[in-house]
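# Chains, contacts and geometry: an overview
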Amino acid sequence: MTYNAVSFLNSSLAILVGIAVAVVLFATFFPETPAFAVRRFRRQLVVHLGYLVGTSQCASALSCYQHALCEQLGATLARVNDDPNATRTCFASAATALSAAQAISRLRGSLGVRTLFPSIASETSRLLARLSRTLRNPSIRQFGKRAAEAYALGRHALIAARGGAEEIKVLNGIIVGAQTLGSDLMRARMILQGKSNAIRI
Amino acid sequence: MKAAVVSVPLRDWLFKKPEWLDHQTAVALTFAVKTFAASLLALYIAFWAGLDDPRWSFLTVFVVSQPDSGLVLAKSFYRILGTIAGVLVTIALVFGLAQYGELFVAAVAVWICLCNFAARAARNFGSYGFQLAGYTAAILAIPAALEPSGAYDLIVARFTEILLGIICAALVSRLIPVHELSPKLVERVRALTRRADSLATVLLDPAADRERVIAERTEFAKAYLEIQGMQRSPYFESAEARVLDQPLRRLTQAAVELSSIAEAAASHLGGPLPRAETKTSHGNRISQTNESSNEDGATVSALVRAADERDLGVARARLRESMAAFDRGEELPHPNLGCGLWSDPVPAVLTGIRSALAVGITSAFWFATAWPTGPTAVVVAAVLCSLLASLEQPDKISIAAAATVLIAAVPVFATQFYLMPLAVDFPSMAVALAPLMLTCGFRVEH
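If you're wondering where the values come from, they're calculated on a predicted model, not measured in any experiment. (Residues numbered from 1 in each chain as written. Chains lettered and ligands numbered in written order. Predicted model: local features only at pLDDT ≥ 70, side-chain atom pairs only at ≥ 80, totals over all residues. Heavy atoms only, no water.)

### Some thoughts on the overall build of chain B
Here is the rule we go by: Numbering of helices and strands runs from the N terminus; a helix is a DSSP stretch of H or I covering at least four residues, while a strand is a stretch of E covering at least two. Under the scheme applied here, a residue whose accessible area is under 20% of the maximum for its type counts as buried, over 50% as exposed, and between as partly exposed, the area being computed with a 1.4 Å probe on protein chains only. The contact criterion used throughout is that any non-hydrogen atoms of two residues lie within 4.5 Å.
Across its full length, chain B holds 15 helices and two strands. Residue burial in chain B is summarised as follows: out of 446 residues, 49% are buried. Counting contacts in chain B only where the partners sit at least 6 residues apart, residues at least 24 apart contribute 73% of the total.

### Some words on the pattern of salt bridges
All names here are of chain A. Selection criterion: Think of a salt bridge as a Lys or Arg side-chain nitrogen and an Asp or Glu carboxyl oxygen that are within 4 Å of each other.
Applying the stated criterion to the full structure yields 20 salt bridges over all chains. Between E32 and R79 there is a salt bridge, and its shortest N-O distance comes to 3.5 Å. On the criterion of sequence distance, the pair formed by E32 in the loop between α1 (5–28) and α2 (34–54) and R79 in helix α3 (residues 58–79) is long-range, its members being 47 residues apart. As far as the burial class goes, E32 and R79 line up, both buried.

### Brief notes about the interface of chain A and chain B
Note the following rule: What counts as buried area is the accessible surface, traced by a 1.4 Å probe, that two parts surrender upon association, with contributions from both included. Polar contact is the term for a pair of N or O atoms within 3.5 Å; when the atoms are in protein, one must be able to donate a hydrogen and the other to accept it, and sequence-neighboring residues count only if both atoms are side-chain atoms. Classification convention: Asp, Glu, Lys, Arg as charged; Ala, Val, Leu, Ile, Met, Phe, Trp, Tyr, Cys, Pro as nonpolar; all other residues, Gly among them, as polar.
Of the residues lining the interface, 77 residues belong to chain A; the matching set on chain B comes to 97 residues. Both faces considered, chain A and chain B share a buried interface measuring about 7800 Å² in area, 68% of it formed by carbon and sulfur atoms. There are five salt bridges connecting chain A and chain B. Measuring nitrogen to oxygen at the nearest pair gives 2.8 Å for the salt bridge that ties A:E32 to B:R120. Inspection of the region where chain A meets chain B yields 14 residue pairs in polar contact (both at pLDDT 80 or more). When contributions to the side of chain A that touches chain B are tallied by element, the ones reaching two or more residues are α1, α2, α3, α4 (84–111), α6 (140–160) and α7 (165–192) of chain A. A breakdown of the residues in the side of chain A that touches chain B according to their chemical character gives 42 nonpolar, 21 polar and 14 charged.

### Comments concerning the nonpolar core
As a reminder of what qualifies: We define a nonpolar core as any set of buried Ala, Val, Leu, Ile, Met, Phe, Trp, Tyr and Cys residues linked to one another through side-chain atoms lying within 4.5 Å.
Formed by 57 residues in total, the largest nonpolar core has its most connected members in A:L49, A:Y65, A:L69, A:L73, A:L107, A:I175 and A:L181. Broken down by secondary-structure element, the contributors of at least two residues to this core are α2, α3, α4, α5 (118–136), α6 and α7 of chain A together with α9 (210–231) and α11 (294–328) of chain B. Here the element with the most residues in this core is α4(A); it accounts for 11 residues. Ignoring anything within four residues of it in the chain, the contact list for A:L49 reads A:Y65, A:A97, A:A100, A:A101, A:I104 and A:L135. Ranked by size, the runner-up nonpolar core spans 44 residues in total, among them B:A38, B:A98, B:A145 and B:L164.

### Comments concerning the packing of aromatic side chains
Rules: The aromatic pairing rule takes the rings of Phe, Tyr and Trp, using the six-membered ring of Trp, and pairs them if the centres are within 6.5 Å, calling planes under 30 degrees apart stacked, those over 60 edge-to-face and the rest tilted.
In total, this model carries 12 aromatic pairs over all chains according to the counting rule given. Ring centres 5.3 Å apart and planes at 80° place the aromatic pair B:F77 and B:Y78 in the edge-to-face group. Relative accessible area serves as the criterion here: at 39%, B:F77 is assigned to the partly exposed category. Overall, B:Y78 belongs to the partly exposed group, its relative accessible area being 22%. By way of ring pairs, the aromatic residues A:F8, B:F413, B:F417 and B:Y418 are connected into one cluster.

### Topic: the environment of B:T60
Here B:T60 is to be found in helix α3 (residues 55–64). It is 8.3 Å that separates the C-alpha atoms of B:T60 and B:A169, two residues lying 109 residues apart in sequence.

### Considerations on the packing of helix α6 (residues 124–146) of chain B against helix α7 (residues 151–175) of chain B
Residues and elements named next belong to chain B. What counts is decided by this rule: Only the stretch in contact is used when fitting a helix axis, every axis being a line fitted to C-alpha atoms; angles between N-to-C directions are given from 0 to 180 degrees. Each angle receives one of four descriptions, namely roughly parallel if under 35 degrees, roughly antiparallel if over 145, roughly perpendicular if within 65 to 115, and oblique otherwise. Two helices that cross are described as forming a left-handed crossing if the nearer one is turned anticlockwise from the farther one by less than a right angle, and a right-handed crossing if clockwise.
Interhelical geometry of α6 versus α7 gives an angle of 155° and a closest axis separation of 9 Å. When the interaxial angle is binned, α6 and α7 end up roughly antiparallel. Considering the relative orientation of α6 and α7, their crossing is right-handed. The segment α6 lies against α7, with L140, P143 and A144 engaging A151, L154, I155 and R158. Classifying every residue of the contact of α6 with α7 by side-chain character gives six nonpolar, no polar and one charged.

### Quick word on the confidence of the model for chain A
Residues and elements named next belong to chain A. Note the cut-off: pLDDT expresses, on a scale from 0 to 100, how confident the predictor is about each individual residue.
On average, chain A scores 84 in pLDDT, and the residues at 70 or more come to 91%. Here α7 is the element of chain A with the lowest mean pLDDT, 85, and α6 is the one with the highest, 90. Taken as a whole, residues 196–201 scores under 50 in pLDDT and shows 21 contacts with residues more than four places along the chain or in a different chain.

### Description of unusual backbone geometry
Even without glycine at this site, A:F30 takes up a positive phi of about 45°. You can see A:F30 is positioned in the loop between α1 and α2. Its identity is not glycine, yet B:A370 carries a phi of approximately 55°, on the positive side. Tracing the backbone shows B:A370 in the loop between α12 (345–369) and α13 (374–389). By relative accessible area, B:A370 is classed as exposed at 58%.

Shown next as structure tokens:
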């Protein structure tokens, strides 16, 4: 073993230089600010919602979506710990995404009902296919369009359900799913526009 | 399953510890002593076997040690895998590129970039394995490339020393009275189920305080994240822990499901179906409920509320059922869900690029100035970038790391220059190291 003070100080300096380079790079090269973390969190919500729309096993896919969202939310909150606005935006986005996921699951579940009206069934399938494309390339305008289509589907299902209790029972999932999906997409537009404070969280 | 769960109280009774041992200070002291003992054992065996540089065994024990035994074993397992990958890449780099300095450093930077990308994208100890693969290559390859004639011996020696450290840490962690992870995990999952129930109640209470709602949500998300981090580790601990794995996952899943449904229901309560028409940016007029009549709007709201209440009822019932089945030690016939977590590629790519740049910049500085301790700076930059890859708020942690190095330099200097020269044999060396290393162990537990 050598007891060389100069060598010890040189090594300490080298350690500090190594740390300094890493610190400077992490702080300056596309730093992971709370705003960045929130943006990435929202992006993940939308991308995986798109996968949820396209999946065939909806019940387990919804459960997995809820699981993964919760984990991602926890990780994002740990990154934006000091920023209350970012925290609020995360919660607003997560609540909207969970509600949209549930609405999609309801719509998909209703498609399996054999006695569903063919026109409503095809309109629902069309909406889900377009929604899947929209979620791959999300935009405020496209969210607005899909929301309008979801509300229209809800209205059509409601009109068709006026026939009686049996129709309401059959179309319940479509009415509830379409209306909540429409409102979720409208809220998603507001979140994308940076108006998350307009939403009760 | 039943036998395993029923046997837990008997085991608790047999291995009953005094209550004071669970006090935080006592736990930290036990951990410090246990880790120091393991590191001394590793050091002694390394000296006895005549290994090249025994301090690596000593250091490895401190790196892999964790207060909970399941964590130590899981960490050790992934460390071995990561070290093997790092060693193989080091062999390829040193024997293929050591004579081309710039190309060699560029290859090291690319490897660290790839490993840190994967470390950021993966979770828990899988992420740790990738980190290890990255910085093992940096730690081994750079000194080996500087001395190509002894490179193979150096690589084999480091690998043996690290392996010895891992084995000693795992052995002592199992033999000396330890904190087992599975009881802690069971306790956390039970707390999560209670929290899910309370979160659902708060979310659906229109009079609930906004700050309380945010606090409940934050606590729930953090508790869930913590459980996710722990859930894979008890697998390495015992057969009992492995048996409890699926029921605990099911319970966690039921808690998450309840809170998610409550979130969705709460967002519907908070005005999801406003009656006013909204004009979208592209000019479509959207009526958010039925345009024709308020009656339809009321029908829709009633249907949504009824559907939410039904879903909430089902979720609450499932949580209660899972809880009761867990308490009775019974299996529930729910399918096992193999849910994957989300990985965001963009931060992972940025982390990889930052790491490669750090290695590149420090290497350029080393080459340009011919600084004798330049390789140390390169290795430290690579290791730190690897360690920071998967952490939250890496900039703050790296500043804390710099401050720790500055503060620790004083006791390390005192130990190395005043205490170590007094050591004449192994026991006296252990005594000389004890103040510094026991303090480190104590601080690590805290």
